[in-house]
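Listed here are the chains, written in short residue letters.
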Amino acid sequence: MRANNSDGAPGPDQVYRKIRDYVSHWNMAPTIRELATELNCGHSTVQRAIDRLQQQGSIVVHRGRSRGIALTGKK
């Protein structure tokens, strides 16, 4: 399967920066759908990056909440 953008799929660092910028601007976390739209990729790509960021301790995800991503400050 090909990436939606010419640069390939975004990595965890790009997803983290997008989350950080979104929270800084809107004072709330983005949804998976908003991240996928902003990064021009699929939902599963964003979800994989979020899972990796959570494993690294960079974010906390509160499951069952549409805006349940919280930055931990460990980046």
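Further up the page is the structure itself.
Fair warning: this is a prediction, and the values are worked out from it, not measured in the lab. (Residues numbered from 1 in each chain as written. Predicted model: local features only at pLDDT ≥ 70, side-chain atom pairs only at ≥ 80, totals over all residues. Heavy atoms only, no water.)

## Things to note about the overall build of the protein chain
Looking only at helices and strands, the protein chain features three helices and two strands. Order of helices (α) and strands (β) in the protein chain, N terminus to C terminus: α-α-α-β-β. Taking 2.2 N^0.38 as the reference for a compact globule, 75 residues should give roughly 11 Å; the C-alpha atoms of the protein chain span a radius of gyration of 12 Å, in line with that estimate. Counting every position in the protein chain, which comprises 75 residues, the buried fraction comes to 32%. The contacts in the protein chain between residues at least 6 apart in sequence include a share of 42% that link residues at least 24 apart. Element-wise, carbon and sulfur atoms account for 45% of the exposed surface of the protein chain, whose accessible area totals about 5,100 Å². Taking the average location of the 12 positive side-chain charges in the protein chain and that of its 6 negative ones, the two points are 5 Å from each other. (Helix = DSSP H or I, 4+ residues; strand = E, 2+ residues; numbered from the N terminus. Rg over C-alpha atoms; globule rule 2.2 N^0.38 Å. Buried < 20%, exposed > 50% of the residue type's maximum accessible area, 1.4 Å probe, protein only. Contact = heavy atoms within 4.5 Å. Areas by Shrake-Rupley, 256 points an atom, 1.4 Å probe, with all protein chains shown as cover. Lys, Arg positive; Asp, Glu negative; His and termini not counted. Charge placed at Lys NZ, Arg CZ, Asp CG, Glu CD.)

## Observations regarding the packing of aromatic side chains
According to the stated counting rule, one finds one aromatic pair in the structure shown. A centroid spacing of 6.3 Å and a plane angle of 40° characterise the contact between tyrosine 22 and tryptophan 26, whose relative ring orientation is tilted. Residue tyrosine 22 and its partner tryptophan 26 are located together in helix H1 (residues 12-26), separated by four residues, close to a single helical turn. The class for tyrosine 22 is buried, based on a relative accessible area of 16%. (Phe/Tyr/Trp six-rings, centres within 6.5 Å; stacked < 30°, edge-to-face > 60°.)

## Re the pattern of salt bridges
The full count for this structure, using the stated rule, is four salt bridges. Measuring nitrogen to oxygen at the nearest pair gives 3.7 Å for the salt bridge that ties lysine 18 to glutamate 38. Pair noted here: lysine 18 is in helix H1 and glutamate 38 is in helix H2 (residues 32-39), with a separation of 20 residues, a long-range link. Note on lysine 18: relative accessible area 26%, which makes it partly exposed. Here glutamate 38 falls in the exposed class, since its relative accessible area comes to 53%. Across the pair arginine 20 and aspartate 21 runs a salt bridge, and its minimum N-O distance is 3.6 Å. The exposure class assigned to aspartate 21 is partly exposed, which follows from its relative accessible area of 42%. (Salt bridge = Lys/Arg side-chain N within 4 Å of Asp/Glu carboxyl O.)

## So, the packing of H1 against H2
Any two packed helices are characterised by how steeply their axes cross, that is the angle between the axes, and by the distance between the axes. Contact geometry of H1 with H2 gives a least axis separation of 11 Å together with a crossing angle of 115°. The orientation of H1 relative to H2 falls into the category roughly perpendicular. In terms of crossing hand, the pair formed by H1 and H2 is right-handed. Taken together, the residues of H2 that come into contact with H1 (itself represented by Gln14, Val15, Lys18, Ile19 and Tyr22) are Glu34, Leu35, Glu38 and Leu39. Looking at the contact of H1 with H2, its residues break down into five nonpolar, one polar and three charged. (Axes fitted to C-alpha atoms, helices over the stretch in contact; angles between N-to-C directions. Parallel < 35°, antiparallel > 145°, perpendicular 65-115°, else oblique. Left-handed = near helix turned anticlockwise from the far one by under 90°. Nonpolar A, V, L, I, M, F, W, Y, C, P; charged D, E, K, R; others polar.)

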